[in-house]
Amino acid sequence: MKLSLLERPDGDRPLAALGLLLSGIMALAFQDSLVKLMSGQTSFWQFQALRSIGNMGFAVILASIGGGLALLVPKNRRVVGLRSLLMVLCMFCFFSGAPFLSISQMAAGLYTYPLFVTLLAGSVLGERIGFWRWGALALGGAGAILVLDPWNEQFSRVQLLPVMAGFLYAANILTIRRACRNESPLALAFAVALGFTVSGGIGVICLTLFPLPDAIRESMPFVAVGWPELTGLLVGFIVLTSVLNLSGNICLSRAYQTADSSWLVPLDFSYLLFAAIWGRVLFDSWPTDQAVAGMLLIAGAGMVTAWRERVYRNRQLRPAPS
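Since the structure is predicted, the reported quantities are computational estimates derived from the model, not experimental observations.

Draft legend 1. Fine view of the layout of surface pockets. If you add up the space inside the largest pocket, you get close to 420 Å³. Contributing to the lining of the largest pocket are 22 residues, with Ser102, Gln105, Val147, Gln159 and Thr288 lying nearest its centre. Counting only elements with at least two residues in the lining of the largest pocket, the list comes to α4 (103-110), α6 (131-148) and α14 (289-317). Of the residues in the lining of the largest pocket, the class split is eleven nonpolar, ten polar and one charged.

What follows is the structure in structure tokens.
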């Protein structure tokens, strides 16, 4: 029995990609909220190692029933490995501030990534950045400032970590679209899980053999502790987040493989809404009016960027006059 979702794509399917994108975003927003909820019971390294081992196990099962273990083998190992490294660094920046930030602050920082997509397209890929893209950059930058609120007495540099995650996520999106279109979504997910397992294991070993000073461990236990006590509740939580993570990433990878990113980016910002909803449900918190305004500006900047990218692509594809 073969599952078409897990096979290598054979063409663009924009409407199916939209459904996959929304499903993946909803699953990942719920997972990220659960990580914040349980951040006091585990460490980043323990969580990543155990969850990723679960991801690899589920990936093997899905490959076995969905077309064979060949689905786990990437065609271009170097590019897939680079993408895995980007995601490992991205998730470290994103989750390491979880104990100190609201889920809405984390989400808004991550979703500055369209701004970085524009900057990377101009500086790295050599694409021309026109008036609309510069305007979107200014709009998104203003939104980020409203969310970060750097003039507030409670501002902390920890709030910059999700923005760094946004930069790394942008690099990941460009890598998928430009170099991983012919890869199996399961191979992409398995490679990321392997990267998280290795990095999580290294973190656990290093922090166990060479523990940090007590002051640092007490102030930042989520990233400064290697292996906290493993409880039954924590195991169940990790299994649930593994299922959410693997299914969400497979849906996102498949979506970006089967439709132009400019078609998907506007709905990608529904993550901000899902994050706010889960924050209300799990933490009884809601972003401030200023933060909501900033999130709307960030979302608007991303949509403008996506619209201009689509216009630019249509012009490139338009046949030259005879």
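Draft legend 2. Representation of the side chain of Asn245 in the model. Residue placement: Asn245 occurs in helix α11 (residues 232-257). Beyond its immediate sequence surroundings of up to four residues, Asn245 is in contact with Leu28, Gln31, Arg51 and Asn55.

Draft legend 3. Inspection of the packing of aromatic side chains at higher detail. Enumeration over the complete set of coordinates arrives at twelve aromatic pairs. Measuring from centroid to centroid gives 6.2 Å for Phe47 and Phe95, while their planes differ by 80°, and the two rings are edge-to-face. With a gap of 48 residues between them, Phe47 in helix α2 (residues 44-66) and Phe95 in helix α3 (residues 77-96) connect regions that are remote in the sequence. The same class applies to Phe47 as to Phe95, namely buried. Connected via pairs of aromatic rings, a cluster forms that spans Phe44, Trp45, Phe92 and Phe222. Here the basic side chain of Lys36 rests over the ring of Phe283, its NZ or CZ set 5.5 Å away from the ring centre. Looking at Arg51, its charged tip hangs above the ring of Phe196, at a distance of 5.6 Å from the centre.

Draft legend 4. Up close: empty space enclosed by the protein. This model, assessed by the stated rule, comprises four cavities of 30 Å³ or more. For the largest cavity, the lining is made up of 17 residues, of which Leu28, Asp32, Met91, Tyr169 and Asn249 are closest to its centre. Secondary structure elements with two or more residues in the lining of the largest cavity: α1 (14-38), α3, α8 (185-209) and α11. The element that contributes the greatest number of residues to the lining of the largest cavity is α1, accounting for four residues. Considered class by class, the residues forming the lining of the largest cavity number twelve nonpolar, three polar and two charged.

Draft legend 5. Molecular detail of the side chain of Gln159. Topologically, Gln159 is positioned in the loop between α6 and α7 (161-179). Non-local contacts of Gln159, meaning those with residues more than four positions away in its chain, are made with Leu101, Gln105, Val147, Leu148 and Gln154.

Draft legend 6. Structural context of the pattern of salt bridges. Applying the stated rule across the entire model yields one salt bridge. In this structure, Asp284 and Arg280 form a salt bridge, with 3.8 Å as the shortest nitrogen-oxygen distance. Judged by its relative accessible area of 46%, Arg280 is partly exposed.

About the cut-offs
Residues numbered from 1 in each chain as written. Predicted model: local features only at pLDDT ≥ 70, side-chain atom pairs only at ≥ 80, totals over all residues. Heavy atoms only, no water. 1 Å grid on protein atoms, 1.4 Å probe; cavity = no way out; pocket = protein on both sides within 12 Å on 5 of 7 lines; lining within 4 Å. Points joined across faces, edges and corners; volume = space filled by probe spheres on them. Helix = DSSP H or I, 4+ residues; strand = E, 2+ residues; numbered from the N terminus. Nonpolar A, V, L, I, M, F, W, Y, C, P; charged D, E, K, R; others polar. Contact = heavy atoms within 4.5 Å. Phe/Tyr/Trp six-rings, centres within 6.5 Å; stacked < 30°, edge-to-face > 60°. Buried < 20%, exposed > 50% of the residue type's maximum accessible area, 1.4 Å probe, protein only. Lys NZ or Arg CZ within 6 Å of the ring centre and 35° of its normal. Salt bridge = Lys/Arg side-chain N within 4 Å of Asp/Glu carboxyl O.

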